[in-house]
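Residue-level structure breakdown
Here's the letter readout for the chains.
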Amino acid sequence: MKIIGERINGSRTRVGTAVSERDSGFIQRLAERQVEAGADWLDVAAGTPAAREPEDLVWLVQTVQEVADVPLCLDSANPVALAAAIEQVQQTPLINSISGERARLEGILPLLSATQCAVIALAIDDSGVPSGVEDRLVAIRRLVDELRRAGVPDERVYVDPLVMAIAANTESGRIALETMRAVRTDFPEMHIVSGLSNVSFGLPVRTLINRAFLTLALEAGLDTAILDPLDRKLRKALLAAEVVLGRDRYCLNYTRAYRARLLNGPVAKESPK
Ligand code: THG
(Lines give C-alpha, C1' and ligand atoms only; values in the text may rest on other atoms or scores of the structure.)
Protein backbone atom coordinates (compact mmCIF):
# COMPACT_ATOMS: atom_id res chain seq x y z
CA MET A 1 0.00 0.00 0.00
CA LYS A 2 1.35 3.41 -0.98
CA ILE A 3 0.39 6.54 0.91
CA ILE A 4 -0.22 10.05 -0.36
CA GLY A 5 0.02 12.45 2.61
CA GLU A 6 -2.96 14.80 2.42
CA ARG A 7 -2.19 17.48 5.00
CA ILE A 8 -0.75 20.21 2.79
CA ASN A 9 -4.13 21.34 1.49
CA GLY A 10 -5.03 25.02 1.37
CA SER A 11 -8.69 24.23 2.00
CA ARG A 12 -7.65 23.52 5.60
CA THR A 13 -7.85 26.82 7.42
CA ARG A 14 -4.37 26.73 8.97
CA VAL A 15 -2.70 25.70 5.71
CA GLY A 16 -4.64 28.32 3.74
CA THR A 17 -3.27 30.98 6.09
CA ALA A 18 0.27 29.61 5.75
CA VAL A 19 -0.03 29.76 1.96
CA SER A 20 -1.26 33.35 1.87
CA GLU A 21 1.34 34.48 4.46
CA ARG A 22 4.14 32.46 2.82
CA ASP A 23 4.82 30.74 6.15
CA SER A 24 7.36 28.24 4.81
CA GLY A 25 8.27 26.91 8.28
CA PHE A 26 4.73 25.69 8.92
CA ILE A 27 4.46 23.98 5.52
CA GLN A 28 7.92 22.41 5.83
CA ARG A 29 7.13 20.93 9.24
CA LEU A 30 3.97 19.37 7.81
CA ALA A 31 6.04 17.94 4.96
CA GLU A 32 8.74 16.50 7.22
CA ARG A 33 6.30 14.95 9.69
CA GLN A 34 4.32 13.22 6.92
CA VAL A 35 7.47 11.82 5.30
CA GLU A 36 8.69 10.54 8.68
CA ALA A 37 5.31 8.86 9.17
CA GLY A 38 5.71 6.97 5.89
CA ALA A 39 4.20 9.11 3.11
CA ASP A 40 5.31 7.94 -0.36
CA TRP A 41 4.04 11.15 -2.00
CA LEU A 42 3.04 14.51 -0.53
CA ASP A 43 -0.18 15.98 -1.89
CA VAL A 44 0.06 19.75 -2.41
CA ALA A 45 -3.13 21.74 -2.96
CA ALA A 46 -3.13 25.54 -2.90
CA GLY A 47 -6.90 25.79 -2.70
CA THR A 48 -6.78 29.39 -3.90
CA PRO A 49 -8.74 31.15 -6.71
CA ALA A 50 -7.63 30.27 -10.26
CA ALA A 51 -5.82 33.59 -10.78
CA ARG A 52 -3.59 33.02 -7.73
CA GLU A 53 -3.26 29.27 -7.96
CA PRO A 54 -0.26 28.92 -10.32
CA GLU A 55 1.88 31.19 -8.15
CA ASP A 56 0.72 29.60 -4.87
CA LEU A 57 1.18 26.04 -6.10
CA VAL A 58 4.68 26.82 -7.40
CA TRP A 59 5.55 28.31 -3.99
CA LEU A 60 4.22 25.17 -2.25
CA VAL A 61 6.23 22.88 -4.56
CA GLN A 62 9.46 24.80 -3.98
CA THR A 63 8.89 25.07 -0.24
CA VAL A 64 8.14 21.38 0.23
CA GLN A 65 11.04 20.23 -1.94
CA GLU A 66 13.54 22.08 0.24
CA VAL A 67 12.90 19.57 3.03
CA ALA A 68 11.22 16.48 1.57
CA ASP A 69 12.78 13.90 -0.70
CA VAL A 70 9.59 12.25 -1.98
CA PRO A 71 7.64 12.92 -5.20
CA LEU A 72 4.69 15.29 -5.10
CA CYS A 73 1.03 14.75 -5.88
CA LEU A 74 -0.03 17.99 -7.59
CA ASP A 75 -3.64 18.51 -6.48
CA SER A 76 -5.37 20.93 -8.85
CA ALA A 77 -7.98 20.94 -11.60
CA ASN A 78 -6.27 23.92 -13.23
CA PRO A 79 -4.02 23.04 -16.21
CA VAL A 80 -2.18 26.38 -15.95
CA ALA A 81 -1.28 25.78 -12.29
CA LEU A 82 -0.31 22.18 -13.04
CA ALA A 83 1.94 23.14 -15.97
CA ALA A 84 3.72 25.74 -13.81
CA ALA A 85 4.18 23.25 -10.96
CA ILE A 86 5.48 20.50 -13.29
CA GLU A 87 8.29 22.86 -14.36
CA GLN A 88 9.51 22.99 -10.76
CA VAL A 89 9.40 19.36 -9.64
CA GLN A 90 12.59 17.46 -8.83
CA GLN A 91 10.94 14.02 -9.12
CA THR A 92 8.27 12.71 -11.47
CA PRO A 93 4.97 13.83 -9.94
CA LEU A 94 1.50 12.36 -9.76
CA ILE A 95 -1.05 14.73 -11.32
CA ASN A 96 -4.22 14.95 -9.18
CA SER A 97 -6.26 14.86 -11.34
CA ILE A 98 -7.83 14.37 -14.74
CA SER A 99 -11.49 13.51 -15.38
CA GLY A 100 -13.88 12.98 -18.24
CA GLU A 101 -14.99 16.61 -18.02
CA ARG A 102 -14.16 18.04 -21.45
CA ALA A 103 -12.30 21.18 -20.37
CA ARG A 104 -10.20 19.32 -17.82
CA LEU A 105 -9.47 16.49 -20.23
CA GLU A 106 -8.35 18.85 -22.98
CA GLY A 107 -6.27 20.95 -20.60
CA ILE A 108 -4.47 18.10 -18.87
CA LEU A 109 -3.97 15.41 -21.54
CA PRO A 110 -1.26 17.46 -23.32
CA LEU A 111 0.69 17.72 -20.02
CA LEU A 112 0.68 13.93 -19.79
CA SER A 113 1.76 13.35 -23.39
CA ALA A 114 4.65 15.78 -23.00
CA THR A 115 6.01 14.33 -19.71
CA GLN A 116 6.45 11.08 -17.77
CA CYS A 117 3.94 12.23 -15.13
CA ALA A 118 1.56 9.70 -13.59
CA VAL A 119 -2.09 10.73 -13.23
CA ILE A 120 -5.12 10.20 -11.03
CA ALA A 121 -8.21 9.59 -13.18
CA LEU A 122 -11.53 10.49 -11.56
CA ALA A 123 -14.78 8.67 -12.36
CA ILE A 124 -16.59 11.86 -13.28
CA ASP A 125 -17.68 13.46 -16.57
CA ASP A 126 -19.67 16.46 -17.76
CA SER A 127 -22.86 15.00 -16.30
CA GLY A 128 -21.31 14.69 -12.82
CA VAL A 129 -20.38 11.66 -10.70
CA PRO A 130 -22.35 8.71 -12.11
CA SER A 131 -24.52 7.18 -9.39
CA GLY A 132 -24.34 3.43 -10.00
CA VAL A 133 -21.42 1.04 -10.47
CA GLU A 134 -22.16 0.41 -14.15
CA ASP A 135 -22.42 4.13 -15.01
CA ARG A 136 -19.23 4.82 -13.18
CA LEU A 137 -17.45 2.10 -15.13
CA VAL A 138 -18.72 3.62 -18.38
CA ALA A 139 -17.16 6.96 -17.36
CA ILE A 140 -13.91 5.24 -16.37
CA ARG A 141 -13.71 3.26 -19.64
CA ARG A 142 -14.19 6.42 -21.68
CA LEU A 143 -11.46 8.18 -19.78
CA VAL A 144 -9.14 5.18 -20.09
CA ASP A 145 -9.67 5.23 -23.88
CA GLU A 146 -8.64 8.89 -23.98
CA LEU A 147 -5.55 8.28 -21.84
CA ARG A 148 -4.47 5.30 -23.93
CA ARG A 149 -4.98 7.27 -27.14
CA ALA A 150 -2.77 10.01 -25.72
CA GLY A 151 -0.05 7.38 -25.15
CA VAL A 152 -0.21 7.22 -21.35
CA PRO A 153 0.71 3.67 -20.30
CA ASP A 154 -1.77 1.91 -17.96
CA GLU A 155 0.75 1.61 -15.13
CA ARG A 156 0.94 5.40 -14.91
CA VAL A 157 -2.82 5.71 -14.32
CA TYR A 158 -4.36 5.74 -10.82
CA VAL A 159 -8.13 5.30 -11.05
CA ASP A 160 -10.09 7.05 -8.28
CA PRO A 161 -13.65 5.66 -8.05
CA LEU A 162 -14.67 8.74 -6.00
CA VAL A 163 -16.26 7.54 -2.81
CA MET A 164 -19.28 9.62 -1.82
CA ALA A 165 -20.75 10.27 1.63
CA ILE A 166 -22.58 7.30 3.12
CA ALA A 167 -24.67 9.75 5.17
CA ALA A 168 -26.20 10.97 1.88
CA ASN A 169 -26.63 7.52 0.32
CA THR A 170 -26.16 4.32 2.27
CA GLU A 171 -25.06 2.54 -0.92
CA SER A 172 -22.03 4.84 -1.40
CA GLY A 173 -19.51 2.57 0.31
CA ARG A 174 -20.62 -0.51 -1.56
CA ILE A 175 -20.63 1.33 -4.91
CA ALA A 176 -17.03 2.49 -4.40
CA LEU A 177 -15.88 -1.00 -3.39
CA GLU A 178 -17.59 -2.71 -6.33
CA THR A 179 -16.16 -0.14 -8.72
CA MET A 180 -12.69 -0.94 -7.38
CA ARG A 181 -13.17 -4.68 -7.93
CA ALA A 182 -14.31 -4.11 -11.50
CA VAL A 183 -11.38 -1.78 -12.28
CA ARG A 184 -8.94 -4.32 -10.85
CA THR A 185 -10.40 -7.00 -13.14
CA ASP A 186 -10.76 -4.88 -16.29
CA PHE A 187 -7.51 -2.89 -16.03
CA PRO A 188 -5.07 -5.04 -14.06
CA GLU A 189 -2.06 -2.82 -14.85
CA MET A 190 -3.71 0.31 -13.49
CA HIS A 191 -3.52 1.50 -9.91
CA ILE A 192 -6.52 2.20 -7.71
CA VAL A 193 -6.45 5.21 -5.41
CA SER A 194 -8.96 6.78 -3.05
CA GLY A 195 -9.32 9.52 -0.49
CA LEU A 196 -10.87 8.35 2.78
CA SER A 197 -12.58 11.34 4.30
CA ASN A 198 -15.61 11.71 1.98
CA VAL A 199 -17.04 8.35 2.97
CA SER A 200 -17.68 9.38 6.59
CA PHE A 201 -18.85 12.94 5.96
CA GLY A 202 -21.87 13.78 8.14
CA LEU A 203 -21.46 10.80 10.50
CA PRO A 204 -20.17 10.84 14.09
CA VAL A 205 -16.75 9.33 14.92
CA ARG A 206 -15.65 9.66 11.31
CA THR A 207 -12.27 8.01 11.87
CA LEU A 208 -13.99 4.74 12.73
CA ILE A 209 -15.82 4.70 9.38
CA ASN A 210 -12.65 5.74 7.54
CA ARG A 211 -10.77 2.80 9.07
CA ALA A 212 -13.49 0.30 8.15
CA PHE A 213 -13.59 1.65 4.61
CA LEU A 214 -9.80 1.50 4.23
CA THR A 215 -9.71 -2.12 5.40
CA LEU A 216 -12.43 -3.23 2.97
CA ALA A 217 -11.01 -1.14 0.11
CA LEU A 218 -7.62 -2.81 0.50
CA GLU A 219 -9.28 -6.14 -0.14
CA ALA A 220 -11.19 -4.69 -3.12
CA GLY A 221 -7.95 -3.65 -4.83
CA LEU A 222 -6.98 -0.25 -3.43
CA ASP A 223 -3.19 0.08 -3.70
CA THR A 224 -2.76 3.79 -2.94
CA ALA A 225 -4.60 6.01 -0.45
CA ILE A 226 -4.81 9.74 0.12
CA LEU A 227 -4.87 10.02 3.90
CA ASP A 228 -3.38 11.60 6.98
CA PRO A 229 -0.18 9.62 7.67
CA LEU A 230 -0.04 11.16 11.15
CA ASP A 231 -3.26 9.37 12.12
CA ARG A 232 -1.86 6.57 14.28
CA LYS A 233 -5.03 4.51 14.46
CA LEU A 234 -5.38 4.54 10.69
CA ARG A 235 -1.76 3.39 10.27
CA LYS A 236 -2.38 0.56 12.72
CA ALA A 237 -5.54 -0.56 10.93
CA LEU A 238 -3.59 -0.54 7.67
CA LEU A 239 -0.67 -2.56 9.00
CA ALA A 240 -3.03 -5.17 10.47
CA ALA A 241 -5.15 -5.43 7.31
CA GLU A 242 -2.05 -5.97 5.17
CA VAL A 243 -0.94 -8.81 7.44
CA VAL A 244 -4.36 -10.46 7.14
CA LEU A 245 -4.35 -10.11 3.34
CA GLY A 246 -0.87 -11.64 3.06
CA ARG A 247 0.52 -8.40 1.66
CA ASP A 248 3.19 -7.97 4.34
CA ARG A 249 6.00 -10.41 3.56
CA TYR A 250 7.10 -12.26 6.71
CA CYS A 251 4.89 -9.73 8.57
CA LEU A 252 7.98 -7.55 8.47
CA ASN A 253 6.29 -4.16 8.40
CA TYR A 254 4.00 -5.19 11.21
CA THR A 255 6.73 -6.51 13.49
CA ARG A 256 8.97 -3.54 12.70
CA ALA A 257 6.16 -1.18 13.66
CA TYR A 258 5.69 -3.17 16.86
CA ARG A 259 9.36 -2.89 17.76
CA ALA A 260 9.25 0.82 17.01
CA ARG A 261 6.39 0.95 19.56
CA LEU A 262 3.91 2.17 17.03
CA LEU A 263 1.29 -0.52 17.68
CA ASN A 264 0.90 -0.42 21.45
CA GLY A 265 1.53 2.02 24.21
CA PRO A 266 4.98 2.04 25.80
CA VAL A 267 6.34 -1.48 26.41
CA ALA A 268 8.86 -2.59 29.04
CA LYS A 269 12.39 -1.46 28.30
CA GLU A 270 14.72 -4.11 26.93
CA SER A 271 17.21 -5.22 29.54
CA PRO A 272 20.57 -3.42 29.17
CA LYS A 273 23.41 -5.43 27.67
N1 THG B 1 -9.40 12.06 -4.33
C2 THG B 1 -8.40 12.74 -4.94
N3 THG B 1 -7.87 13.86 -4.43
C4 THG B 1 -8.35 14.37 -3.28
C5 THG B 1 -9.40 13.72 -2.59
C6 THG B 1 -9.92 12.51 -3.14
N7 THG B 1 -7.83 15.53 -2.79
C8 THG B 1 -8.47 16.22 -1.69
C9 THG B 1 -9.12 15.24 -0.71
N10 THG B 1 -9.87 14.24 -1.41
C11 THG B 1 -8.06 14.59 0.15
N12 THG B 1 -7.37 15.54 0.95
C13 THG B 1 -7.84 16.00 2.21
C14 THG B 1 -7.08 16.96 2.84
C15 THG B 1 -7.44 17.41 4.11
C16 THG B 1 -8.57 16.90 4.73
C17 THG B 1 -9.30 15.93 4.10
C18 THG B 1 -8.94 15.47 2.82
C19 THG B 1 -8.93 17.39 6.08
N20 THG B 1 -10.21 17.37 6.44
C21 THG B 1 -10.67 17.78 7.75
C22 THG B 1 -11.67 16.73 8.21
O23 THG B 1 -12.02 15.87 7.40
O24 THG B 1 -12.03 16.75 9.36
C25 THG B 1 -11.39 19.11 7.74
C26 THG B 1 -10.64 20.22 7.06
C27 THG B 1 -10.05 21.24 8.01
O28 THG B 1 -9.24 20.90 8.88
O29 THG B 1 -10.42 22.42 7.84
O30 THG B 1 -8.10 17.80 6.85
O31 THG B 1 -10.83 11.88 -2.60
N32 THG B 1 -7.91 12.21 -6.09
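The notes below deal with the structure included here. Just so it is clear, the structure is predicted and the values come from calculations on it, not from any experiment.

A look at the overall build of the protein chain
From N to C terminus, the protein chain includes ten helices and eight strands. For the protein chain, whose C-alpha radius of gyration is 19 Å, the value lies close to the compact-globule estimate of 19 Å for 273 residues. With the principal axes as the frame, the protein chain shows a C-alpha extent of 65 × 45 × 35 Å. Sorting the 273 residues of the protein chain into buried and exposed places 48% on the buried side. Here the contacts in the protein chain between residues at least 6 apart in sequence split such that 67% fall between residues at least 24 apart. Per element, the accessible surface of the protein chain, about 13500 Å² overall, is 52% carbon and sulfur.

A closer look at the nonpolar core
Ranked by internal contacts, the top residues of the largest apolar core, which has 70 residues, are Leu 74, Ile 98, Leu 112 and Leu 147. Contacts of Leu 74, omitting those with residues within four sequence positions, involve Val 44, Val 61, Leu 82, Ala 85, Ile 86, Val 89, Pro 93, Leu 94, Ile 95, Asn 96 and Ser 97. Leu 94, Ala 118, Tyr 158 and Leu 162 belong to the second largest nonpolar core, which has twelve residues in total.

Here we look at the environment of Leu 112
For Leu 112, the location among the structural elements is in helix 5 (residues 102-114). Through-space distance from the C-alpha of Leu 112 to that of Arg 235 is 32 Å; in sequence the pair is 123 residues apart. Once residues lying within four places of it in the same chain are set aside, the contact partners of Leu 112 are Ile 95, Ile 98, Cys 117, Ala 118, Val 119, Leu 147, Val 152 and Arg 156.

Side note on the site of the ligand
The environment of the ligand is made up of 13 residues, and the closest members are Arg 12, Asp 75, Asn 96, Asp 160 and Ile 226. Arg 12 places a polar side-chain atom, nitrogen or oxygen, 3.3 Å from an oxygen atom of the ligand. Asn 96 is positioned such that a nitrogen or oxygen atom in its side chain is 2.9 Å from a nitrogen atom of the ligand. A total of 670 Å² of accessible area belongs to the ligand in isolation, and the protein chains cover 65% of it. Here the ligand is seated within the largest pocket. Contributions of two or more residues to the shell around the ligand are made by strand 1 (2-9) and strand 5 (118-122). Grouping the amino acids of the shell around the ligand by side-chain chemistry returns three nonpolar, five polar and five charged.

As for unusual backbone geometry
A cis amide bond, omega 25°, links Asn 96 with the succeeding residue Ser 97. When you line up the elements, Ser 97 lands in strand 4 (residues 94-98). Not every positive phi belongs to a glycine, and Arg 22 is a case in point at roughly 55°. One can find Arg 22 in the loop between helix 1 (13-20) and helix 2 (24-36).

With respect to the packing of aromatic side chains
Under the definition given, this model contains one aromatic pair. Summarising the aromatic geometry, the rings of Trp 41 and Tyr 158 are spaced 5.8 Å apart at their centres and angled 85° between planes, so their arrangement reads as edge-to-face. Here Trp 41, found in strand 2 (residues 41-45), pairs with Tyr 158, found in strand 6 (residues 157-160); they are 117 residues apart in sequence, far enough to count as distant. Its relative accessible area of 8% is what places Tyr 158 among the buried residues. In this structure, Arg 14 packs its charged tip against the face of Phe 26, placed 4.0 Å from the ring centre.

Remarks on the side chain of Asp 43
Along the polypeptide, Asp 43 turns up in strand 2. Here Asp 43 is buried and forms no salt bridge, its nearest opposite-charge partner Arg 12 lying at an N-O distance of 9.9 Å. Here the side chain of Asp 43 touches Asn 96 through a polar contact of 3.2 Å, side chain to side chain. Discounting residues that sit within four places of it in the chain, Asp 43 has contacts with Ile 4, Gly 5, Glu 6, Ile 8, Asn 9, Cys 73, Asp 75 and Asn 96.

Here we look at the environment of Ala 123
Relative to the helices and strands, Ala 123 resides in the loop between strand 5 and helix 6 (133-149). Exposure remark for Ala 123: the relative accessible area of 0% places this residue in the buried category. With 17 residues separating them along the chain, Ala 123 and Ile 140 place their C-alpha atoms 5.3 Å apart.

Rules behind the numbers
Residues numbered from 1 in each chain as written. Predicted model: local features only at pLDDT ≥ 70, side-chain atom pairs only at ≥ 80, totals over all residues. Heavy atoms only, no water. Helix = DSSP H or I, 4+ residues; strand = E, 2+ residues; numbered from the N terminus. Rg over C-alpha atoms; globule rule 2.2 N^0.38 Å. Buried < 20%, exposed > 50% of the residue type's maximum accessible area, 1.4 Å probe, protein only. Contact = heavy atoms within 4.5 Å. Areas by Shrake-Rupley, 256 points an atom, 1.4 Å probe, with all protein chains shown as cover. Core = buried A, V, L, I, M, F, W, Y, C linked by side-chain atoms within 4.5 Å. Near = heavy atom within 4 Å. Polar contact = N/O pair within 3.5 Å; in protein donor to acceptor, adjacent residues only side chain to side chain. 1 Å grid on protein atoms, 1.4 Å probe; cavity = no way out; pocket = protein on both sides within 12 Å on 5 of 7 lines; lining within 4 Å. Sits in = over half its atoms within 2 Å of the grid points. Nonpolar A, V, L, I, M, F, W, Y, C, P; charged D, E, K, R; others polar. Phe/Tyr/Trp six-rings, centres within 6.5 Å; stacked < 30°, edge-to-face > 60°. Lys NZ or Arg CZ within 6 Å of the ring centre and 35° of its normal. Lys, Arg positive; Asp, Glu negative; His and termini not counted. Salt bridge = Lys/Arg side-chain N within 4 Å of Asp/Glu carboxyl O.

Read these as geometric descriptors, not functional statements.
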